[in-house]
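# Coordinate inspection notes
So the chains spell out like this:
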Amino acid sequence: MINKSIGFFDSGVGGLSVLKEACALMPEENYIYYGDSANAPYGEKSREEIFELTMRGIGYLMSNDIKALVIACNTATSAVIDELRKEVDIPVIGMEPAIKPALAAVEGKVLMMATPATIRLERYNNLLERFNARERVVNLACNKLAGMIEHNVLSHSNELEDYLAGLLAPYKNTGIQGIVLGCTHYVFIKEDIKEAFGEDVLIFDGNRGTVNRLKSVLEEKGIKRPSDAGKGAVILNSSSDDQFSMKTYSKLFYGK
Ligand code: DGL
């Protein structure tokens, strides 16, 4: 059991940022990644569509006999996690936007950037209620951004730069002290976001929190490989068979 892989799912490349963090913390584990790049982005689709696509991708990972599953996508987590947990008998870890650490670290307002679906769905709205955070959190539903990252992340194109400048302009000089990256794709353009915002802000993402949670769940269940077990294997899969997609995966994950 302990040698089985941990499955990672995302709509595309975003979850690779979470996988990288998991590999840094637990290099001894075996990992299998599935990004649904053929259907990305998810964030502008209906909940029903996101649900169906996510369940299909997760089905692929489950057929690989994984011991735990990370939904490395805020959008997919919001759409499926409660129902999925009832259906599978392995631990399922989802993403949670880093609202809590952001509110604890800054005194002023926090800008929450995420896909339209994440901002709209119940899970995130419950989170805001739970932390009584509505007054200090400014929501920014980013149409198109995940899709642009999926296709342009390696080039850091002018198109992306111009888009970010326009997107963030209305929030400048409004007392924003922190930005929460509520989509795993955005983690790859963290510096571009910081630069486009142009003010002194702290940036938060949920990757470390998710990976720490994964580690404790594996320990609690007694299914963690011992840290001296040697380096595990990593398999990257995309639903898109075009060469560009696989090149992007490899470049983002291995840096080459
Ligand atoms: N990476 C995803 C997230 O964390 C979604 C991007 C998308 O497909 O729209 O929300």
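Just above sits the structure.
In what follows, the accompanying structure is described. (Residues numbered from 1 in each chain as written. Predicted model: local features only at pLDDT ≥ 70, side-chain atom pairs only at ≥ 80, totals over all residues. Heavy atoms only, no water.)

## Describing the sheet that holds strand β8 (residues 202-205)
- Taken in spatial order, the 4 strands make up an open sheet running β6-β5-β7-β8, and their pairing is parallel. Each of the sheet's edge strands pairs with one partner strand only, and the pair in question is β6 (137-141) and β8. Ignoring which end each strand starts from, the neighbouring axes of this sheet average 25° apart.
- Looking at chain direction, strand β7 (residues 176-181) and β8 are connected through 4 bridges and run parallel. (Pairing = 2+ DSSP bridges. Helix = DSSP H or I, 4+ residues; strand = E, 2+ residues; numbered from the N terminus. Axes fitted to C-alpha atoms, helices over the stretch in contact; angles between N-to-C directions.)

## Some remarks on the site of the ligand
- Around the ligand, the surrounding shell holds 13 residues, and the nearest of these are Ser 11, Tyr 42, Thr 75, Thr 184 and His 185.
- A distance of 2.8 Å separates an oxygen atom of the ligand from a polar atom in the backbone of Gly 43.
- Contact distances for the ligand include 2.8 Å between an oxygen atom and a backbone N or O atom of Asn 74.
- Burial of the ligand by the protein chains amounts to 100% of its free accessible area of 300 Å².
- Most atoms of the ligand, that is more than half of them, are within 2 Å of grid points of the largest cavity. (Near = heavy atom within 4 Å. Polar contact = N/O pair within 3.5 Å; in protein donor to acceptor, adjacent residues only side chain to side chain. Areas by Shrake-Rupley, 256 points an atom, 1.4 Å probe, with all protein chains shown as cover. 1 Å grid on protein atoms, 1.4 Å probe; cavity = no way out; pocket = protein on both sides within 12 Å on 5 of 7 lines; lining within 4 Å. Sits in = over half its atoms within 2 Å of the grid points.)

## Looking at the pattern of salt bridges
- On inspection of all chains with the given rule, the structure shows 9 salt bridges.
- Here Glu 21 ties to Arg 208 by a salt bridge, and the two come within 3.1 Å at their closest N and O atoms. A residue pair is termed long-range when its members are at least 10 positions apart, and Glu 21 in helix α1 (residues 16-25) and Arg 208 in helix α10 (residues 207-221) qualify at 187 residues. (Salt bridge = Lys/Arg side-chain N within 4 Å of Asp/Glu carboxyl O.)

## Points about the packing of helix α2 (residues 47-62) against helix α3 (residues 74-87)
- The geometry of α2 relative to α3 is characterised by a closest axis approach of 9 Å and an angle of 60° between their N-to-C directions. In this view, α2 runs oblique relative to α3, as classed from their interaxial angle. Where α2 crosses over α3, the two elements pack in a sense that is right-handed. The segment α2 lies against α3, with Arg 47, Ile 50, Phe 51, Thr 54, Met 55 and Ile 58 engaging Thr 75, Ala 76, Ala 79, Val 80, Glu 83, Leu 84 and Glu 87. (Parallel < 35°, antiparallel > 145°, perpendicular 65-115°, else oblique. Left-handed = near helix turned anticlockwise from the far one by under 90°. Contact = heavy atoms within 4.5 Å.)

## Focus on the packing of helix α7 (residues 145-152) against helix α8 (residues 158-168)
- Orientation of α7 relative to α8, taken along the N-to-C sense of each, is 160°, at an axis distance of 11 Å. Viewed along their axes, α7 and α8 adopt a mutual orientation that is roughly antiparallel. Helix-helix and strand crossings are classified by hand; for α7 and α8 the assignment is left-handed. Packed against α7, whose contacting residues are Leu 145, Met 148 and Asn 152, the element α8 presents Glu 159, Leu 160, Tyr 163, Leu 164 and Leu 167 at the interface.
- Its residues placed into classes, the contact of α7 with α8 shows 6 nonpolar, 1 polar and 1 charged. (Nonpolar A, V, L, I, M, F, W, Y, C, P; charged D, E, K, R; others polar.)

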